[in-house]
Amino acid sequence: MHADPKGVLTGVHFIDGDHACCEGTLAAGARFAAGYPITPSTEVVERFASRIPTVGGIFIQMEDELAASIAIQGAVWGGAKAFTVTSGPGFSLMMEHIGYAAMTETPCVFVNVQRGGPSTGLPTLPAQADMMQARWGSHGDYGIIALCPNSPQECFDLTITGFNLSEEFRVPVMLMLDECVGHMTEKVVIPEADRIAVTPRRYTQRVPGDFRLFEPRADLVPDMVRAGEGYRFHVTGLTHDERGYPSMNVDTQDRSVRRLLDKLKPLSDSRAIFEAENLDDAEVVVVSYGITSRVAQRAIQLARARGVRAGKFRIISAWPFPERHIRDLAGRVKAFVVPELNLGQMVHEVARAAEGKAKVIPVSHAGGSVHNPEAIVKAIVEAAR
Amino acid sequence: MAKGAVAVTVERCKGCGFCVEFCPTHVLALSSAFNSKGYHPPHVVAAEKCSGCDLCGMYCPDFAIFGARNAR
Amino acid sequence: MNPSTLEIPCEIPAEPQNPVEPFLRMDRMPHIWCPGCGIGTTVNCFTRALLDSKANLDKVAVVSGIGCTGRVAGYANLDSFHTTHGRAIPFATGLKLANPELQVVVYSGDGDLFAIGGNHFIHAARRNMDLKVICVNNLTYAMTGGQTAPTTPAEIISATSPYGVFEPAFNLVQLADAAGAAYVARWTTYHVKQLARSMGEILNKKGFCFIEVLSPCPTLYQRRNKMGDGLDAMKFYKQASKVRHGAPTGECGLTKAGEIVVGKFVDRDRPDYFELLRSQMTASLGERYAEPEVMCSEC
């Protein structure tokens, strides 16, 4: 299916990542957003509030992030594509409802424009310190998909990808921007609507009475439904069976909760999204994502100029972690250098996937600005020794 | 013939006594019999007084009783 | 409202169907509520109200939070949502905004709606969001074992106030009134006819409508306070209730054993959220305003 032209601002724009993200939601078909103001994310919903009344949809500023993160799910079950936007402190508040979305398999998008933390932290400055939280922030066993754009263009493109993946896998998707990418202004090309692929919601073809809301297809993902069509379905956060009825026993728990993770496995393997460059002869691979990948790009150039065979593995889908790719690389490179705007988060995943077959060297940064490329170059050069 | 009658789903009853207490014409009393959970369900003690008003049905928290008007 | 009457020939058939059964997921019976709990009674009243309002049941959605009353969603044979603690109202807000054709009923308990959910309640009332909120108030957190709730009256012994509650309790009807609700009523589970009538009224009224229903919690509230069982609570409701339609809600506070003011206190016409939205948008944007098509028909 292609994008609805009503939401597509075709043209060449000079806008920042937050604004581009908003255009991405509209192009993806989102017609409902609920949000709460929080720097540096607010512009996403401010633009949506400004655009949606002429596109045809609703924005509601809720009283807090707890409300926003569940209002979007109500809207999804009413038939809408919906999203919310926040940053660190709001992301923390949303955790229960991210878990609810995962448990009820509600397709929706959460945008986190990461800022310095913890707590109130650095509201106007970048960090990438919510990466683990995106995966593990809610209680219990569940999985999510997380995408990391590194430019305003990607803020547009990956937002659409995020919506598409959430519909395909019936899972909440985290769009992990950071303040730098969100507030950097660059060229963003928005194509014609008929050149934008949008995944439709996989509504069931079965009739009421014959449909079970949590019965998976072969790809482990169940069909969707919406309220008002006579299906008389039930959605609960309690452990439930294929009918959606609470079924609080060991067997149902094992079956249903495992499937929440299993259905996402393709993303750690064949469906992982990443950008790789110069890996064929690489001795050191720089693994990075988001704004740090822009600095890493420069660092790799500098390292090559100094004779180190440095390669780039830019993570775009951070969760599920692209472990098969890292594992394969670990067998043939000396080291991974992992710069992040945090004190070590995704580096642990790289180390886990590398299984000791390559050194894994973090280049940590507590946040507040981007790395100096020299810090990364230094790590690359030392890793190559 | 009484204006109405009640039907009791004995196994659902939890013996709360609402129907007995609030029947306006005192048609019901808790029986000395037990259902399989050990509760005393209501039984009709004054069938001729039943109007079929279904207040018992509205009160019953366990959906175990209802009343209906008999058609003439 | 005419009480629903069932005309059946001569005698009740051997396998009669309780009129409430089509509204229940009978494959999930028996429910979990205790003997003498009034939640099931409120469900009967809701069923009657749905029947009498001739609502298209495919378009009625029930949203509950967590707690004993929160389990209503699971038993209702409607599109139903058992959401997170305190958040039924914002979920219901999103559901209604996405599909305004739905009649969205929030059915939850006092702790869920007014403690953790309090903020959401007041904002939805402020916005006059078109939601029908039925609050079964058993004056406690029943599901978790009978802890103090914002509605628990002073001197009551609870699991977290073993020496007696001393905090002032919320007056829910006053709170709803002050927050801007378009309809505010209180009944008890003794007042089955009136409750069903009120529920029918709100199904036909636009805007944020609120009904508080006092209900016994025999296992925890009654037992811990040596107040007998569910039937004793019902007799107390009968004896202590005074119907005062239109009473100032500030005068309707509840105490441990005092008078229970019941009735319809507020029934006013205010533009609901949709009307306000449309009116403002058309004033600002004129022709450029696009009617919200939030529900994506082909996606």
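Everything that follows concerns the structure shown earlier in this document.
Our subject in this report is the structure included herewith. Predicted model, so just to flag it, every value in this text is computed and none were measured. (Residues numbered from 1 in each chain as written. Chains lettered and ligands numbered in written order. Predicted model: local features only at pLDDT ≥ 70, side-chain atom pairs only at ≥ 80, totals over all residues.)

## Observations concerning the overall build of chain B
Now for step 1: Scanning chain B from terminus to terminus reveals two helices and four strands.
Now for step 2: Along chain B, helices and strands appear, N-terminal first, in the series β-α-β-β-α-β.
Now for step 3: For chain B, whose C-alpha radius of gyration is 11 Å, the value lies close to the compact-globule estimate of 11 Å for 72 residues.
Now for step 4: Structurally, chain B occupies a C-alpha span of about 35 × 20 × 20 Å along its principal axes. (Helix = DSSP H or I, 4+ residues; strand = E, 2+ residues; numbered from the N terminus. Rg over C-alpha atoms; globule rule 2.2 N^0.38 Å.)

## Describing the sheet that holds strand β15 (residues 335-339) of chain A
Residues and elements named next belong to chain A.
Now for step 1: With mixed pairing, five strands are arranged side by side in an open sheet as β11-β13-β12-β15-β16. The open sheet terminates on both sides in strands that have one partner only, identified here as β11 (274-277) and β16 (359-363). Averaged over all pairs of adjacent strands, the angle between strand axes in this sheet comes to 20°, irrespective of strand direction.
Now for step 2: In the sheet, strand β12 (residues 284-288) pairs with strand β13 (residues 310-315) via five bridges, with the strands oriented parallel. Bridge pairing in β13 links V287 to F313.
Now for step 3: Of the strands in this sheet, β12, β13 and β15 are in contact with helix α10 (residues 290-305), which crosses β13 at around 170°. (Pairing = 2+ DSSP bridges. Axes fitted to C-alpha atoms, helices over the stretch in contact; angles between N-to-C directions. Contact = placed C-beta atoms within 7 Å.)

## Describing the interface of chain A and chain C
Now for step 1: Contact with chain A, which involves 46 residues of that partner, is made by 41 residues of chain C.
Now for step 2: Residue assignment for the side of chain A that touches chain C shows that the elements contributing at least two residues are β2 (32-35), α2 (42-55), β3 (58-61), α3 (65-77), α5 (95-104) and β10 (234-236) of chain A.
Now for step 3: Among the elements that line the side of chain A that touches chain C, the one with the most residues is α3 of chain A, at nine residues.
Now for step 4: Considered class by class, the residues forming the side of chain A that touches chain C number 24 nonpolar, 14 polar and eight charged.
Now for step 5: In terms of strand pairing, β10 of chain A meets strand β3 (residues 79-82) of chain C through three bridges, oriented parallel. Bridging across to β3 of chain C, H234 of chain A finds its partner in S80 of chain C. (Nonpolar A, V, L, I, M, F, W, Y, C, P; charged D, E, K, R; others polar.)

## Let's talk about unusual backbone geometry
Now for step 1: Residue P40 of chain A is bonded to the preceding T39 of chain A through a cis peptide linkage, with omega at 0°.
Now for step 2: Tracing the sequence through the fold places P40 of chain A in the loop between β2 and α2.
Now for step 3: Note that the residue after M29 of chain C, namely P30 of chain C, is joined by a cis bond; omega there is 0°.

## Description of the sheet that holds strand β9 (residues 260-267) of chain C
Now for step 1: In space, the nine strands of this open sheet follow the order β10(A)-β3(C)-β2(C)-β4(C)-β5(C)-β7(C)-β6(C)-β9(C)-β8(C), with mixed pairing throughout. Every other strand in the sheet has two partners, leaving β10 of chain A together with β8 (241-243) of chain C as the edge strands with one partner each. Averaged over all adjacent pairs, the angle separating strand axes in this sheet is 20°, with direction ignored.
Now for step 2: Contacting β6 (183-188), β7 (209-214), β8 and β9 of chain C, helix α9 (residues 230-240) of chain C runs over the sheet at an angle of about 45° to β8 of chain C.

## Here we look at the interface of chain B and chain C
Now for step 1: Tallying the contact residues gives 25 residues for chain B and 30 residues for chain C.
Now for step 2: Where the side of chain B that touches chain C is concerned, the elements lending two or more residues are β1 (4-8), α1 (18-22), α2 (55-59) and β4 (65-70) of chain B.
Now for step 3: The residue makeup of the side of chain B that touches chain C, split by class, is 14 nonpolar, five polar and six charged.

## Things to note about the pairing of β13 of chain A
Residues and elements named next belong to chain A.
Now for step 1: By the criterion of burial, β13 is predominantly enclosed, with six of the six residues buried.
Now for step 2: Burial along β13 is two-sided: the residues A310, K312 and R314 and G311, F313 and I315 are all buried.
Now for step 3: In terms of strand pairing, β11 meets β13 through four bridges, oriented antiparallel. Paired with E277 across the strands is K312, a residue of β13.
Now for step 4: Each parallel crossover has a hand, and for β12 linked through α10 to β13 it is right-handed. (Buried ≥ 20, exposed ≤ 12 C-beta atoms within 10 Å, placed from the backbone. Right-handed = clockwise from strand over helix to strand, strands pointing away.)

Any functional reading would require information beyond the geometric quantities listed.
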